[in-house]
Amino acid sequence: MKGPALLLAGIVLFSLLDANSKLLSGQYGVGQVIFLRYAVLVPAFLAARAIRPGFGGPLGTRRPGLHALRILAMMISAASFFLAFRQLPLAAGYLVFFTAPLITLALSALVLREAVPRAAWFWCLAGFGGVLLAVAPKLGGGAGPLAGYLTVLLGTLAFAVSQTVNRRLRDEPGLVGVVLWPGLVGLLVFGPMAALNWVPAPPVDLARLGLNGLLAGTAVVLTAAAYRHADAARLGPYGFVALPVSVGLDLGLWGVAPDPATLLGGAVVVFACVMSERARRAEPAGLAPVRLPAPP
């Protein structure tokens, strides 16, 4: 259960990060919010490395291309979710985000050539059906800006790519590639954007902006660690647990209650998670995995 437990903890922290960012999005731009996130995260990591030499592992890598792809995906994901949640309730945005487990599962099978049990495909598709059940009425009725849904979809695709790369790089030790290098790139990318639209922040807001760095860093580390302990077939359905977390945050912070479609779709998603775990445990009794042919 180590992999699922790490992933669940990471999802909760990502949800808190998105909620905090949404609270700040009315006063501050995407550049300032994300720049200050990394401005806290990078010094904290370097301080830990100074106190404990070698903390985080070696600075070099044998696969710089994969690290560059992961960093690009992380930058796109961070900016997309921030911009999307300006327009959408957390639960509405996360309903689109819940396609990430299915995308990650497909990428793991197609790109990494991992064996995926038939039951994992079936229950991830069932969870995806629950997402469609909840999102379809909102798209048809115009309950949320289409641009917001498209933006969160872009962030979801980028997130799935980053998680797939995490799985591919699971044999590389340390946190440098997961925390330090993305943080340095984030400072370079979002620093000029922040300077162009800088808004002076009172101490309370500065503390909340800094908190984003701790939440983001810890969440990234936890999710990366999760994919080192378990494969996408095992972890995929657990991504749907963000549904009750986002609903609770919407209700507690903004007074936005879930509509019947969200509740029904969420029930389908939770059921799919439970059944996926039961099917995984029963797999040795006769459920054969699906293996795609190796690339030419």
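Calculation rules
- Residues numbered from 1 in each chain as written.
- Predicted model: local features only at pLDDT ≥ 70, side-chain atom pairs only at ≥ 80, totals over all residues.
- Heavy atoms only, no water.
- Helix = DSSP H or I, 4+ residues; strand = E, 2+ residues; numbered from the N terminus.
- Buried < 20%, exposed > 50% of the residue type's maximum accessible area, 1.4 Å probe, protein only.
- Polar contact = N/O pair within 3.5 Å; in protein donor to acceptor, adjacent residues only side chain to side chain.
- Contact = heavy atoms within 4.5 Å.
- Axes fitted to C-alpha atoms, helices over the stretch in contact; angles between N-to-C directions.
- Parallel < 35°, antiparallel > 145°, perpendicular 65-115°, else oblique.
- Left-handed = near helix turned anticlockwise from the far one by under 90°.
- Nonpolar A, V, L, I, M, F, W, Y, C, P; charged D, E, K, R; others polar.
- Salt bridge = Lys/Arg side-chain N within 4 Å of Asp/Glu carboxyl O.
- pLDDT = per-residue confidence, 0-100.
- Phe/Tyr/Trp six-rings, centres within 6.5 Å; stacked < 30°, edge-to-face > 60°.
- Lys NZ or Arg CZ within 6 Å of the ring centre and 35° of its normal.
- Patch = residues over 30% accessible without salt bridge, like charges linked within 9 Å, V, L, I, M, F, W, Y side chains within 5 Å.
- Areas by Shrake-Rupley, 256 points an atom, 1.4 Å probe, with all protein chains shown as cover.

**Q** Quick rundown of the side chain of Thr-164? Include the residues and the values.
**A** Mapped onto the elements, Thr-164 comes out in helix H7 (residues 146-168). A residue is classified by how much of its surface remains accessible, and Thr-164, at 7% relative accessible area, is buried. Within the structure, the side chain of Thr-164 is placed 2.8 Å from the backbone oxygen of Ala-160, a separation counted as a polar contact. Not counting the four nearest positions on each side in its chain, Thr-164 is found in contact with Thr-104, Leu-107, Ser-108 and Leu-112.

**Q** Give me the packing of helix H3 (residues 64-87) against H7: which residues, what numbers.
**A** Following both chains from N to C, one finds H3 and H7 inclined at 150°, their axes separated by 7 Å at the closest point. It follows that H3 is roughly antiparallel to H7 by the angle criterion. In this structure, H3 meets H7 at a crossing whose hand is left-handed. For the contact of H3 with H7, the class distribution of residues is 15 nonpolar, nine polar and two charged.

**Q** Break down the pattern of salt bridges for me, citing the residues and quoting the values.
**A** Applying the stated criterion across every chain yields a total of four salt bridges. Linking Glu-172 and Arg-63 is a salt bridge whose minimum nitrogen-to-oxygen distance equals 3.4 Å. One end of the pair, Glu-172, is in the loop between H7 and helix H8 (176-196); the other, Arg-63, is in the loop between helix H2 (30-51) and H3, with 109 residues separating them in the sequence. When sorted by exposure, Glu-172 lands in the same class as Arg-63, which is buried.

**Q** Run through the confidence of the model for the chain, naming residues and quoting values.
**A** Here the chain averages 83 in pLDDT, and 90% of its residues register 70 or above. The spread of mean pLDDT over the elements of the chain runs between strand E2 (residues 289-290), the lowest at 38, and H2, the highest at 94.

**Q** Lay out the packing of aromatic side chains with the relevant residues and their values.
**A** In the structure shown here, the tally under the stated rule is nine aromatic pairs. Between Phe-81 and Phe-85, the aromatic rings sit 6.2 Å apart at their centres with planes inclined by 15°, giving stacked as the arrangement. Separated by four residues within a single helix, Phe-81 and Phe-85 lie in helix H3, roughly one turn from each other. Above the plane of the ring of Trp-254 lies Lys-22, whose end atom (NZ or CZ) is 5.5 Å from the centre.

**Q** Run through the packing of helix H4 (residues 90-97) against H7, naming residues and quoting values.
**A** Helix-helix packing: each pair is described by the crossing angle between the helix axes and the interaxial distance. Interaxial distance between H4 and H7 falls to 8 Å at its minimum, and their mutual angle equals 50°. Classified by the angle their axes make, H4 and H7 are oblique. In this structure, H4 meets H7 at a crossing whose hand is right-handed. Two secondary-structure elements touch here, H4 through Ala-92, Gly-93, Val-96 and Phe-97 and H7 through Tyr-149, Val-152, Leu-153, Thr-156 and Phe-159. Grouping the constituent residues of the contact of H4 with H7 by class yields seven nonpolar, two polar and no charged.

**Q** Tell me what's going on with a nonpolar patch on the surface, and back it up with residues and numbers.
**A** A cluster of nonpolar side chains, Leu-146, Leu-150, Leu-153 and Leu-157, forms an exposed patch at the surface whose accessible area comes to about 370 Å². Secondary-structure assignment places Leu-157 in helix H7.

**Q** I'd love a proper account of the environment of Leu-105, names of residues and values included.
**A** For Leu-105, the location among the structural elements is in helix H5 (residues 100-110). Among the residues examined, Leu-105 registers a relative accessible area of 0% and is labelled buried. Expressed as a C-alpha distance, the spacing of Leu-105 and Arg-234, which sit 129 residues apart in the sequence, is 9.4 Å.

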